[in-house]
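Structural overview
These are the residues of each chain, in order.
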Number of protein chains: 4
Amino acid sequence: MTVDLIKHAAEDADVAFAARVSTLGGEARFTEVSKKDSGLINFLMRDRHGSPFEHTSFTFYIEAPIFVAREFFRHRAGWSYNEESGRYKELSPVFYVPAKGRPLRQVGKPGAYRFKPGSAFQHFISQHAHKVAYKAAWFAYKAMLKVGIAREVSRNVLPVGIYTSFYATCNSRSLMHFLSLRTQDEKAKFPSFPQREIEAVAKGLEDDLALLMPETWKAFQNNGRVAP
Amino acid sequence: MTVDLIKHAAEDADVAFAARVSTLGGEARFTEVSKKDSGLINFLMRDRHGSPFEHTSFTFYIEAPIFVAREFFRHRAGWSYNEESGRYKELSPVFYVPAKGRPLRQVGKPGAYRFKPGSAFQHFISQHAHKVAYKAAWFAYKAMLKVGIAREVSRNVLPVGIYTSFYATCNSRSLMHFLSLRTQDEKAKFPSFPQREIEAVAKGLEDDLALLMPETWKAFQNNGRVAP
Amino acid sequence: MTVDLIKHAAEDADVAFAARVSTLGGEARFTEVSKKDSGLINFLMRDRHGSPFEHTSFTFYIEAPIFVAREFFRHRAGWSYNEESGRYKELSPVFYVPAKGRPLRQVGKPGAYRFKPGSAFQHFISQHAHKVAYKAAWFAYKAMLKVGIAREVSRNVLPVGIYTSFYATCNSRSLMHFLSLRTQDEKAKFPSFPQREIEAVAKGLEDDLALLMPETWKAFQNNGRVAP
Amino acid sequence: MTVDLIKHAAEDADVAFAARVSTLGGEARFTEVSKKDSGLINFLMRDRHGSPFEHTSFTFYIEAPIFVAREFFRHRAGWSYNEESGRYKELSPVFYVPAKGRPLRQVGKPGAYRFKPGSAFQHFISQHAHKVAYKAAWFAYKAMLKVGIAREVSRNVLPVGIYTSFYATCNSRSLMHFLSLRTQDEKAKFPSFPQREIEAVAKGLEDDLALLMPETWKAFQNNGRVAP
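Residues numbered from 1 in each chain as written. Chains lettered and ligands numbered in written order. Predicted model: local features only at pLDDT ≥ 70, side-chain atom pairs only at ≥ 80, totals over all residues. Heavy atoms only, no water.

**Considerations on the relation of the copies chain D and chain C**
Superposition record for chain D on chain C: RMSD 0.0 Å, screw rotation 180°, translation along axis 0.0 Å. When the rotation and shift are considered jointly, the pair of chain copies conforms to a two-fold rotation axis. Within chain D, Pro159(D) has its C-alpha nearest the rotation axis, a separation of 1.9 Å. A shared interface surface links the copies, since 100% of the contact residues of chain D are contact residues in chain C too. (Least-squares fit on C-alpha atoms with pLDDT ≥ 70 in both. Contact = heavy atoms within 4.5 Å.)

Written as structure tokens, this is what we have:
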């Protein structure tokens, strides 16, 4: 999976300046970035003052299987998307096959599943079943295209394990909301049970947040990973 | 495909009352529904006063292939969703196969495609390719489940042509925005090129709008099918 | 202040049905409302599964001073508004004057203010200052209207303490988000410091939530009053 | 009124790259900016493909009277705000008084008002009434503060003509939606009747759009000033 930061306008100072408009009005713009900003950002996070975190922007380019994109696009507020279209473009034969390290067995009940490593046999079946099904799907897709059937019809047979690509733009508030639901972390005040594959994408996003807005990320981490 | 209206709180009078708050304040509540409401609704639609159309609510239960759900869920503002989960539930083997009437050939360029009927040969290939690929996918899915591989892993191989089900809640404004993009109609001021399958769903939604809010629907139709 | 529930399509069963689509697909519609729903709703609230709470709708008619409406309208996601317009309508001379019970003194620092009762002298000054300023404003407003100056210009002089009226439509998720920020409650996991006047409105809204969706409200209360 | 662009991540190429993800997938990133982008942007605008315009970000600092801010904050989707707080900060005595050039007389009916110049007498009354009311309000405000009454109570008497300041962040799509409703222009396909003061702010915003995204602005202008 690919997570590339395409562009951004996002730094901790943006949060501090926006927050200070409340208390200083127009003077907020002329204050200096200072060590106190760290305390201010922590206070905003702790008491759930979310709006100052919205004056930032991240644009990512992401490649992931369709089943990941499906979960991703459920995030509506503060997110914008443009995705590769199976109507306008012939898709590429890149498919997701779980690696050896991917736990295959699910125990527990809905909403609280845990995962355990698969046996060698289970991995064998998984590899085999994925490949056979993917090949059959790809063959059927190409055959239909070959005889002149439209892309938007032919793609019906393609699996949710095929890769898609998309642009996603968010702000630091909507990004933290995403992270709170799509990562599992012992520092989290609320439990989450994200599917492992979207969590891998989420971690890529989180790296960029931590790099570009270190105080914001630290405050997120120290206050239970709850989006403000 | 299935489009069932589960519940609603939506009538033309809601629009009129909300609009009259602007001009009458609290007295708006005590006005009577009248013939003049039709003119008011038409005026709101024509001049793009959208907010009065938001004080309404429709909840639909929809069954459609994943590729339709994918386009549907791109609508963010004024829409809420809950979908059947391939993580929590074994999916059912119900797949979409284009019927004889479904045009198969696409001519034109991106953003302005038109569709023409497929030949008998193309339909033959389409039927065959769909069935073979769907069967291979289902067999691989069941085989993985059988040996104890988690649902969220096994489903990777399932095609976007398999059916899913979801609840969708919207208001008459967000519904009209959906209709303006997902239907093709000669009365439309702006061209749209929806995929035929989502258009079928859209028509189901539109029937309910026309039934429950006839003046709103008429105004939508008479003003170029642009959401206000 | 006035908080009237105009109409609604909101009950606990809506939440349960929407949530069950995840695990049961279309069968969700045919399940019965049962005692287990209470546990399901509590689980959804606790683990922050928010979307099932969105398939509900409340429309309120509210009368409150402009300074309350200003805070109210900051809530964007899941809220729709139509407000009395000072451009289209001559406003009515109804003004907010703090009653004897309204604490007048503020101690502490931004983000964590507490309020203490005003002295008799402070209340005297408050009453007097409000009345004098309101009368001057109203006189200036009427004088301008009298000589033919437009409403939208004349209203400049009207204070934020004058009453306005509006329709507001939300769902139970956006309503709980509002309540979590606009009420102060010892059961709340996160502190809030709402202004007393908007809290009064919020309590009116909360009464309707508790009445119409008792299990949802109970779960909200028992899980720290955090919107899911 | 003040409209300062604080920061931005917005250029025409952002729109073109995002749109090309649909047709090129990941290769979109490696295409060159070219003259063809202008045609692509015009096509997207004309056929109302809105999402590619969302991968951009503008943050403005704005000073305007409260009655302007009230209209501004009605824009919810794609807008973020932080405003100077009358609870946390003593406001400054800066008030809006209509200048000689401000038309004072309103003719026509709701939704279609036109404005005509005021007479010398009307301007005299306007100037006088504004000043008297503003002075009375300010005096009452300061008197209450002086005796220790909280800012959030004292401000009740302040008029909607007093200046406030705020940060507003948007993208080019939400900005164009704002402009389509808050400016009047003979090129507009749909009529708008914005209040003159918010139109002045809108023009400031539009200048920055035209400067930073000239092809987008040109397409907006040439396609009837309808937000895509």
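There's plenty left to go through after this.
**Let's talk about the side chain of Gln122(A)**
Here Gln122(A) is to be found in helix α4 (residues 120–146). Contacts of Gln122(A), omitting those with residues within four sequence positions, involve Leu104(A), Arg105(A), Val147(B), Gly148(B) and Ile149(B). (Helix = DSSP H or I, 4+ residues; strand = E, 2+ residues; numbered from the N terminus.)

**Some details on the sheet that holds strand β3 (residues 79–83) of chain C**
All names here are of chain C. With antiparallel pairing, four strands are arranged side by side in an open sheet as β1-β2-β6-β3. The strands lining the two open edges of the sheet, one partner per strand, are β1 (2–9) and β3. Across this sheet, the average inter-strand angle for adjacent strands is 20°, counted without regard to direction. When β1 meets strand β2 (residues 57–65), the two strands line up antiparallel, connected through seven bridges. Bridging across to β2, Thr 2 finds its partner in Glu 63. Each of β2, β3 and β6 (163–170) touches helix α6 (residues 172–182); the most contacted strand, β3, lies at about 75° to it. (Pairing = 2+ DSSP bridges. Axes fitted to C-alpha atoms, helices over the stretch in contact; angles between N-to-C directions.)

**Points about the confidence of the model for chain A**
Per-residue pLDDT for chain A averages 95, and the proportion of residues at 70 or more is 100%. Model confidence for the complex is summarised by a pTM of 0.96, with the ipTM given as 0.95. (pLDDT = per-residue confidence, 0-100.)

**Here's the deal with the interface of chain A and chain B**
On the side of chain B, 56 residues touch chain A, which itself brings 56 residues to the contact. Of the roughly 4700 Å² buried between chain A and chain B on both sides combined, carbon and sulfur atoms contribute 56%. Three residues, Arg70(A), Arg76(A) and Asn156(A), lead the burial of chain A against chain B; their summed loss comes to 14% of the area buried on that side. For the pair chain A and chain B, the number of links is four salt bridges. A salt bridge links Glu152(A) to Arg102(B); the nearest nitrogen and oxygen atoms lie 2.7 Å apart. (Buried area = accessible area lost by both parts, 1.4 Å probe. Salt bridge = Lys/Arg side-chain N within 4 Å of Asp/Glu carboxyl O.)

**Here we look at the relation of the copies chain A and chain B**
At an RMSD of 0.0 Å, chain A and chain B line up after a rotation of 180° and a shift of 0.0 Å along the axis. A share of 100% of the interface residues of chain A reappears at the interface of chain B, consistent with the copies meeting face to face through the same patch.

**Observations regarding the sheet that holds strand β1 (residues 2–9) of chain A**
Residue and element names in this part refer to chain A. Sheet architecture is open: four strands sit in the order β1-β2-β6-β3, paired in antiparallel fashion. Each end of this open sheet is capped by a strand with a single partner; those strands are β1 and β3 (79–83). In this sheet, neighbouring strand axes are inclined to one another by 20° on average, regardless of whether the strands run parallel or antiparallel. This element, helix α6 (residues 172–182), spans β2 (57–65), β3 and β6 (163–170) of the sheet and lies at about 75° to β3.

**Some words on the interface of chain D and chain C**
Contacts between chain D and chain C engage 56 residues on the former and 56 residues on the latter. Buried area between chain D and chain C, summed over both chains or domains, comes out near 4600 Å², and the portion from carbon and sulfur atoms is 56%. The largest share of the area that chain D buries against chain C comes from Arg70(D), Arg76(D) and Asn156(D), three residues that together contribute 14% of it. The tally of links between chain D and chain C comes to four salt bridges. In this structure, the salt-bridge partner of Arg70(C) is Glu83(D), at a minimum N-O distance of 2.8 Å.

**Observations regarding the packing of helix α7 (residues 196–212) of chain D against helix α8 (residues 214–222) of chain D**
Any two packed helices are characterised by how steeply their axes cross, that is the angle between the axes, and by the distance between the axes. Residues and elements named next belong to chain D. Running from N to C, α7 and α8 point in directions that differ by 120°, and their axes come no closer than 5 Å. Between α7 and α8, the angle is such that the two are oblique. Here Glu 206, Leu 209, Ala 210, Leu 211 and Leu 212 of α7 come into contact with α8, specifically with Pro 214, Trp 217, Phe 220 and Gln 221. For the contact of α7 with α8, the residue count by class is seven nonpolar, one polar and one charged. (Parallel < 35°, antiparallel > 145°, perpendicular 65-115°, else oblique. Nonpolar A, V, L, I, M, F, W, Y, C, P; charged D, E, K, R; others polar.)

**Looking at the pairing of strand β3 (residues 79–83) of chain B**
All names here are of chain B. With five of five residues buried, β3 lies mostly within the body of the structure. Sheet topology places β3 next to strand β6 (residues 163–170); five bridges connect them, and they run antiparallel. Among the inter-strand pairings, Trp 79 is bridged to a residue of β6, identified as Cys 170. (Buried < 20%, exposed > 50% of the residue type's maximum accessible area, 1.4 Å probe, protein only.)

**What to know about unusual backbone geometry**
The backbone phi angle of Arg48(A) is positive, close to 60°, even though this residue is not glycine. With respect to the secondary-structure elements, Arg48(A) resides in the loop between α2 (36–46) and β2. At Arg225(C), a residue that is not glycine, the phi angle is positive and equals roughly 55°. Topologically, Arg225(C) is positioned in the segment after α8 (214–222).

**Considering α7(D)**
Residue and element names in this part refer to chain D. Taking 1.5 Å of rise per residue, 17 residues should cover 24 Å, and α7 covers 25 Å from first to last C-alpha, within 8% of that figure. Within α7 the residues assigned to the buried category are Glu 197, Ile 198, Glu 199, Val 201, Ala 202, Gly 204, Leu 205, Glu 206, Asp 208 and Leu 209. Buried residues along α7 sit in contact with β1 (2–9), β2 (57–65), α3 (66–72), β3 (79–83), α6 (172–182) and α8. (Expected span 1.5 Å × (residues − 1).)

**Points about the packing of aromatic side chains**
The geometry of an aromatic ring pair is captured by two quantities: the separation of the ring centres and the angle between the planes. Applying the stated criterion across every chain yields a total of 60 aromatic pairs over all chains. Residues Phe72(B) and Tyr81(B) carry aromatic rings whose centres are separated by 6.0 Å and whose planes lie at 85° to one another, so their mutual orientation is edge-to-face. On the basis of an interplanar angle of 50° and a centroid distance of 5.4 Å, the ring pair of Trp79(D) and Phe178(D) is categorised as tilted. Taken together, the residues span a long stretch of sequence, with Trp79(D) in strand β3 and Phe178(D) in helix α6 at a distance of 99 residues. (Phe/Tyr/Trp six-rings, centres within 6.5 Å; stacked < 30°, edge-to-face > 60°.)

**Concerning the environment of Ser38(C)**
Residues and elements named next belong to chain C. Examined against the element boundaries, Ser 38 turns out to sit in helix α2 (residues 36–46). Residue classification places Ser 38 among the partly exposed residues on the basis of a relative accessible area of 31%. Taking the C-alpha atoms as reference points, Ser 38 and Glu 215, separated by 177 residues in sequence, lie 5.9 Å from one another.

**Observations regarding the pattern of salt bridges**
Where side chains of opposite charge bring their charged atoms close, a pairing between them can arise. Taken as a whole, this structure holds 56 salt bridges over all chains when the rule is applied. Among the ionic pairs, Arg20(B) bridges to Asp37(B), the shortest N-O distance being 2.2 Å. Of the two residues, Arg20(B) is situated in helix α1 (residues 12–24) and Asp37(B) in helix α2 (residues 36–46); the sequence distance between them amounts to 17 residues. Like Arg20(B), the residue Asp37(B) is buried in the burial classification. Across the pair Arg173(B) and Glu54(B) runs a salt bridge whose closest N-O atoms are separated by 2.5 Å. Taken together, the positions of Arg173(B) in helix α6 (residues 172–182) and Glu54(B) in the loop between α2 and β2 (57–65) put the pair 119 residues apart, joining distant regions of the chain. It is possible to trace a salt-bridge network through shared partners that takes in Arg87(A), Glu152(A), Arg102(B) and Glu197(B).

**Focus: the environment of Arg114(C)**
All names here are of chain C. With respect to the helices and strands, the residue Arg 114 is situated in strand β5 (residues 114–116). Along the backbone, Arg 114 and Ile 149 are 35 residues apart, and their C-alpha atoms lie at a distance of 43 Å. Discounting residues that sit within four places of it in the chain, Arg 114 has contacts with Arg 105, Gln 106 and Val 107.

**Some words on the side chain of Arg225(B)**
Residue and element names in this part refer to chain B. The class for Arg 225 is buried, based on a relative accessible area of 4%. One polar contact links Arg 225 to Thr 183, side chain to side chain, over a distance of 2.9 Å. Only 2.8 Å separates the side chain of Arg 225 from the side chain of Glu 206, close enough to count as a polar contact. Once you skip the residues sitting within four places of it in the chain, Arg 225 turns out to touch Leu 179, Ser 180, Thr 183, Asp 185, Lys 187, Ala 188, Glu 206, Trp 217 and Phe 220. (Polar contact = N/O pair within 3.5 Å; in protein donor to acceptor, adjacent residues only side chain to side chain.)

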